[in-house]
Structures are given as C-alpha cells and as structure tokens.
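# Coordinate analysis (summary)
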Amino acid sequence: MLFNSYEFILVFLPLVLIGFYLLGNGGFGRAAISWLVLASFFFYGWWNPAYLILIVTSMLFNFTIGSWLGRDDDNRYRKLLLIIGILGNLLLIGYYKYANFIIDNVNYITESNYHLEKIILPLAISFFTFQQITYLVDAYRHETKEYNFLHYCLFVTFFPQLIAGPIVHHKEMLPQFAQKDIYRFKHVNLAVGLTIFALGLFKKVVLADNIAVYASPVFSAAEQGQSLTFFEAWVGALSYTFQLYFDFSGYSDMAIGAARMFGIRLPLNFNSPYKSLNIIDFWRRWHMTLSRFLRDYLYIPLGGSRKGSYRRHVNLMATMLIGGLWHGAGWPFIFWGFLHGTYLVINHTWRSVMTKAGFYDSDSTWIGRRTAQLITFIAVVVAWVFFRAETFAGAQQVLAGMAGLNGVTVPASALGTLNKVMGFGDMLANAGLTYSADAMVLLQGDNRIIQLLLLFIIALIMPNTHEYMEKFKPVFDMQSIQYNARYKINWNGHWVWALLITPVAFFCILSLGNVSEFLYFQF
C-alpha cells in the first residue's frame, strides 16, 4: 500500500490509529502492539499477499538466530551462528535480487544460454534484510536482546518504516514501545505527525511527480540513441535530480510523520543533502540510515581508516561499490557506486593535503563555500545520470548532451527576446549558440525552467521539514540537524499554522488521481 493513496490516507491510517489508541487507553498495551503488527502485515500484503510468507519466514529465522546469540556464551559457537544468520539473509536477497543479473553476466562471459524465469523482487526485501542483519550483529555484540517474537515482529514490520526505511536499530524502536506513555493519545503527536506527513505528501505528489514528466522523455530518447541538445540533456538530468530528491525526501517525511502519530520517533534519514559543501558531507545527509549501516557494518569492520590512508581508500571504494549494488542489480548502479567511491577518495585526499598545508574548512570564504557547493552538486548530478539510465549507452548520450558535444541550441523564438536585452541574442549567436524551431522538442511546456528554479531554491536554500519542526523533536537523532539560524522559522502548533497546512493537505489529496510509486520502492 502506498502512502500517497486514498486507501492509506482515508481508510487504513485512521482505522489503525483509532484501534491503537482505543486499546492503549484501555490499558491493553499488548493488544495495541498486536493490532499494529496485524495492521503492518495487512499493509505489506496489500501489494502481494504471497510475500507475507517470505517476510514471516525471514523473521522466524532471524529471531531464532538472534535469541540463540543473546543466550549463548560460547564465542566460537556464537560466531558460527552469526555467520549462518548473515549468510541466510544474503542468500535470500541474493536469489530474489541478483540471480537474474548473475546468470545474464555468466551467459555474456561464457557465451552460454542458461535460463531462469524472471524473479519478481519482493517488496522491501532490501530494507527488512539489512535491518535484520543489524539486529543479528547487535545481538552478537551483546548490544541488544529480544526474546519476545511479537515485539520483534513490530520492530521489523512497523508499517511507517517497513517499505523504504529509515533502516532502524532494534535498540532505537523497542524501548519506545516499552514506554506506557505512548499508548495514551496526545493531540500534539497527532498535530506534529499530520503536519510532517502533509509536507512529505506535498513533496511527493506536487513537486516530484510534476517534474518527472521532464526527466522521463529525455532518458527514454537517450536509450533509443537519439542525440540530445545541451539544454535538453541538462533539463532532463536536473529534473531527475530533483525528482529523486523530493520523492525520497517526501517519503521519509511521510514515514516520520505517520510514526509520530503513534508517538514514535524514527531516525533522521534525509537532511538537505544538496546543501552539502563536499561529497563526504553529502553522504552524511543522503539516506542517512543506509550510510550508517554501511559505515558500522561494512566500512569499519573492513578496517575503516585505522590502517592508513591507502587502506581507507580501498575500504571506501569497496563500501560504495556494495552500496551501488544494493540499490539495484545492474552495472550502471555499480558504476554509480564507483563514481561516489572515487569522489570520496578525492575528497579525503584533498582534505588531507589542505590540512597539511594549513588551510581549513572554517577559513573558507562565502565564494569558496558556494564554489564547493556547486562542484559537489554537479558531481552528484553526473552520478545520477548513471543511476537513472538503463544502460551505459543511454548515460553516455545524456552526458554528451550535457557537455555540449551535440551543440548548444535554443528555440528560435528566444532570439527576439534575448535581443531586447542589448542585443544579447546576436552576441550569443556569434559565440556559437544556434537557434532552431526544433530545439528542445523533448521538453514541452513553457514553465519548465521556472519549475526547476523553484525546486533549486527549495532544495538548496530553504530550511527542511525537520528544521521547521525543531521545537517538537520530530526525529530520534535531532543532534544530526545543523540548523541554519538565518532562516529560522518554527512550527508551533498555533491555529495560523493549521490554516496554512490544511489547504496544502487537501490540495495533495485532491491530486492523488495519478498515483505513482516511490522511486526507492525499486531498490
């Protein structure tokens, strides 16, 4: 079930909230948790009930292994159990997500013709698999214990974070459900949750879905081998850059808002990543819980930065390659991971050199910071081209257009407008710009540039949802938010805010006619 659907907003969510608080206020805490678990199973099975068997089997397997890890003291036995547990999870995700990819590559290399029926990827398998691996590792480290299967089911399936994260830790969620306070209805939790959910819905339905219409035709044309002009390629790449941003940011807000209606705080997953001044900072702001997983359960166990700069760069590259593979079973995804690994190596090397030379980030001027932000943003956009393209050939077509290799052409109608500004149109023509009636035929619509400009301002300049909601601590880890005091605007629950948010929510609900899936559902 999608958050941005009438079924979820008008039926499922209200019924689950009413049932939860009726049971909780009546003193039936265990029944309230059972109600949430059943609701979460229904939420997951809405798409394909057959996969309920898969997720339940996965939970039984991991809960059993985790319980044994928590009770046994024999280190050799426990290590063997942990290996079996992790391998079991990797085999499950490996079969469903990578079997077809592996066979296709074996066929290509060996010129063989092995065949496997196309495997339909179960919903959320990447997320509930990683989440349960964290549980096993934490249980092995004696950082968490769980002997109640009902609680464990809630930890894995709690519907606000089940489908696309955030990836949560056992120790972040279960202590919250152990507090009797959450079973009592509080209007402030509902108001904060509804506000965050409405803002997330606006990002998804109004911002992300409307800009998607400019990205899709450009990338489709590139896959068909069609040459793209400079502006077509850039508008297509930037449209996808902002589509993915507002899609994922909107989903994260909706997940946090829905959880808050139950009095539960989820970890921050998205913190204005396009404001980053370098690629290291970008990965501290984008899909933060996945970055945390890769850091704590892959990068650091590999040695992190403890074994010298060379080993750190190797570990960074390995981590990002696996991060790319996690996003999708395809070579463009892996190359996207390789690009970000390369960016990180360059960033760490640059920082090390500048530190030794006596220059520090805090010394940077305004121009220096904006230049760093622009370079980081362009690097991210280039990488998104590989992330979005279906093939390397398609990505190369888009990048060739962005580099101006197919010429720089604008609509002929723009010449007169530009010439009104001190003959600017003719000056550009003398510099190599060409005018054509066929320019930018892929990008129908007069307001595309204005739309991109507005999205640019929202994403790179304005405060994010959690900064607006700072006073009510909307997320588990508020300390991760670096609030920009220049734009300090706080939501305070006043009726004026209700007057502002309510029309936004109604407008979004009325715009749900063309329901679209979240991009991260594919991963």
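Summary of the structure given here. Because the structure is predicted, anything quoted here is derived from the model rather than measured. (Residues numbered from 1 in each chain as written. Predicted model: local features only at pLDDT ≥ 70, side-chain atom pairs only at ≥ 80, totals over all residues. Heavy atoms only, no water.)

### So, the overall build of the protein chain
Across its full length, the protein chain holds 21 helices and two strands. Here the contacts in the protein chain between residues at least 6 apart in sequence split such that 75% fall between residues at least 24 apart. Carbon together with sulfur atoms contributes 66% to the accessible area of the protein chain, which is approximately 24,500 Å² in total. (Helix = DSSP H or I, 4+ residues; strand = E, 2+ residues; numbered from the N terminus. Contact = heavy atoms within 4.5 Å. Areas by Shrake-Rupley, 256 points an atom, 1.4 Å probe, with all protein chains shown as cover.)

### A few points about the pattern of salt bridges
Side chains that differ in sign of charge can pair as their charged atoms come close. Using the criterion set out here, one finds ten salt bridges in the structure. Glutamate 467 is the salt-bridge partner of lysine 275, the closest N and O atoms lying 4.0 Å from each other. Of this pair, lysine 275 sits in the loop between helix 10 (230-261) and helix 11 (279-285) while glutamate 467 sits in helix 20 (residues 465-468), and the two are 192 residues apart along the sequence. The burial state of lysine 275 is the same as that of glutamate 467; both residues are buried. Note that arginine 285 and aspartate 281 form a salt bridge whose closest N and O atoms lie 3.1 Å from each other. Residue arginine 285 and its partner aspartate 281 are located together in helix 11, separated by four residues, close to a single helical turn. Across the pair, aspartate 281 and arginine 285 agree in class, each one buried. In the salt-bridge network here, residues are joined through shared partners; they are Asp181, Arg184 and Lys186. (Salt bridge = Lys/Arg side-chain N within 4 Å of Asp/Glu carboxyl O. Buried < 20%, exposed > 50% of the residue type's maximum accessible area, 1.4 Å probe, protein only.)

### Section: the environment of leucine 244
Position of leucine 244 relative to the elements: it lies in helix 10. The class of leucine 244 is buried, set by a relative accessible area of 0%. The spacing of leucine 244 and tryptophan 384 is 140 residues in sequence and 9.2 Å in space, taken between C-alpha atoms.

### Quick notes on helix 21 (residues 495-510)
If you check helix 21, its first and last C-alpha atoms are 23 Å apart, about what 16 residues at 1.5 Å a residue would give, namely 22 Å. When we look at burial in helix 21, the residues that qualify are Trp497, Ile501 and Cys508. (Expected span 1.5 Å × (residues − 1).)

### Here's the deal with the nonpolar core
Membership of the largest hydrophobic core comes to 144 residues, with the highest contact counts inside it found for Phe8, Phe262, Tyr274, Trp286 and Trp384. Sorting elements by how many residues they give to this core places helix 10 first, with 17 residues. (Core = buried A, V, L, I, M, F, W, Y, C linked by side-chain atoms within 4.5 Å.)

### Things to note about the packing of helix 12 (residues 288-299) against helix 13 (residues 309-327)
Packing of helix 12 against helix 13 brings their axes to within 11 Å, and their N-to-C directions diverge by 130°. Between helix 12 and helix 13, the angle is such that the two are oblique. The handedness of the crossing between helix 12 and helix 13 comes out as right-handed. Contacts between helix 12 and helix 13 involve Leu290, Leu294, Leu298 and Tyr299 on the former and, on the latter, Arg312, Asn315, Leu316, Thr319, Ile322, Gly323, Trp326 and His327. Its residues placed into classes, the contact of helix 12 with helix 13 shows seven nonpolar, four polar and one charged. (Axes fitted to C-alpha atoms, helices over the stretch in contact; angles between N-to-C directions. Parallel < 35°, antiparallel > 145°, perpendicular 65-115°, else oblique. Left-handed = near helix turned anticlockwise from the far one by under 90°. Nonpolar A, V, L, I, M, F, W, Y, C, P; charged D, E, K, R; others polar.)

### Focus on the packing of aromatic side chains
In this description, an aromatic ring pair is defined by two values, namely the gap between the centres and the angle between the planes. Summed over the entire model, instances satisfying the criterion amount to 62 aromatic pairs. Taking 6.3 Å as the distance between ring centres and 85° as the angle between the ring planes, the aromatic pair formed by tyrosine 51 and tyrosine 96 counts as edge-to-face. Remark: tyrosine 96 occurs in helix 4 (residues 75-110) and tyrosine 51 occurs in helix 3 (residues 51-71); sequence separation between them is 45 residues. For tyrosine 51, a relative accessible area of 13% puts it in the buried group. Against the face of tryptophan 326 rests lysine 97, its NZ or CZ located 5.2 Å from the ring centre. (Phe/Tyr/Trp six-rings, centres within 6.5 Å; stacked < 30°, edge-to-face > 60°. Lys NZ or Arg CZ within 6 Å of the ring centre and 35° of its normal.)

### Structural notes on a nonpolar patch on the surface
A surface patch of nonpolar side chains, about 610 Å² in accessible area, is lined by Ile450, Leu453, Leu454, Phe456, Ile457, Ile461 and Met462. Note on placement: methionine 462 falls in the loop between helix 19 (448-460) and helix 20. (Patch = residues over 30% accessible without salt bridge, like charges linked within 9 Å, V, L, I, M, F, W, Y side chains within 5 Å.)

### Considering helix 1 (residues 6-25)
In this model, helix 1 (20 residues) spans 28 Å end to end at C-alpha, consistent with the 28 Å of a helix rising 1.5 Å per residue. At phenylalanine 12, helix 1 shows its maximal kink, close to 35°; a proline, proline 14, follows between one and four residues later. Those residues of helix 1 that are buried are in contact with helix 2 (29-45), helix 7 (159-162), helix 9 (187-223), helix 10 and helix 21. Where helix 1 ends, the next residue or the one after it, glycine 27, has phi of about 90°, a positive value. (Bend = angle between axes of the 7 residues up to and from the residue.)

### Focus on the environment of phenylalanine 333
By the secondary structure assignment, phenylalanine 333 is in helix 14 (residues 331-356). It is 6.9 Å that separates the C-alpha atoms of phenylalanine 333 and phenylalanine 386, two residues lying 53 residues apart in sequence.

### Some remarks on unusual backbone geometry
Where the residue is not glycine, phi is negative for most of them; where a peptide bond is considered, it is trans in most cases. The phi dihedral of histidine 287 falls on the positive side, at around 40°, and the residue is not glycine. Assignment of secondary structure puts histidine 287 in the loop between helix 11 and helix 12. Unusually for a residue other than glycine, lysine 473 sits at a positive phi of about 40°. Residue placement: lysine 473 occurs in the loop between helix 20 and helix 21.

### Some details on the packing of helix 3 against helix 4
For the pair helix 3 and helix 4, interaxial distance at closest approach is 9 Å and the crossing angle is 165°. With respect to each other, helix 3 and helix 4 are oriented roughly antiparallel. By crossing handedness, the relation of helix 3 to helix 4 is classed as left-handed. Contacts between helix 3 and helix 4 involve Tyr51, Leu54, Ser58, Phe61, Asn62, Ile65, Trp68 and Leu69 on the former and, on the latter, Arg78, Leu81, Leu82, Ile84, Gly85, Gly88, Asn89, Leu92 and Tyr96. Of the residues in the contact of helix 3 with helix 4, the class split is eleven nonpolar, five polar and one charged.

### Let's talk about the environment of valine 16
Mapped onto the fold, valine 16 is located in helix 1. Taking the C-alpha atoms as reference, valine 16 lies 9.4 Å from serine 40; in sequence the two are 24 residues apart.

### What about the side chain of asparagine 271?
Within the secondary structure, asparagine 271 is located in the loop between helix 10 and helix 11. Its relative accessible area of 4% is what places asparagine 271 among the buried residues. Within the local environment of asparagine 271, its side chain forms a polar contact with the side chain of asparagine 464, the two groups lying 2.9 Å apart. (Polar contact = N/O pair within 3.5 Å; in protein donor to acceptor, adjacent residues only side chain to side chain.)

Fair warning: the whole summary comes from geometry, so function is off the table for now.
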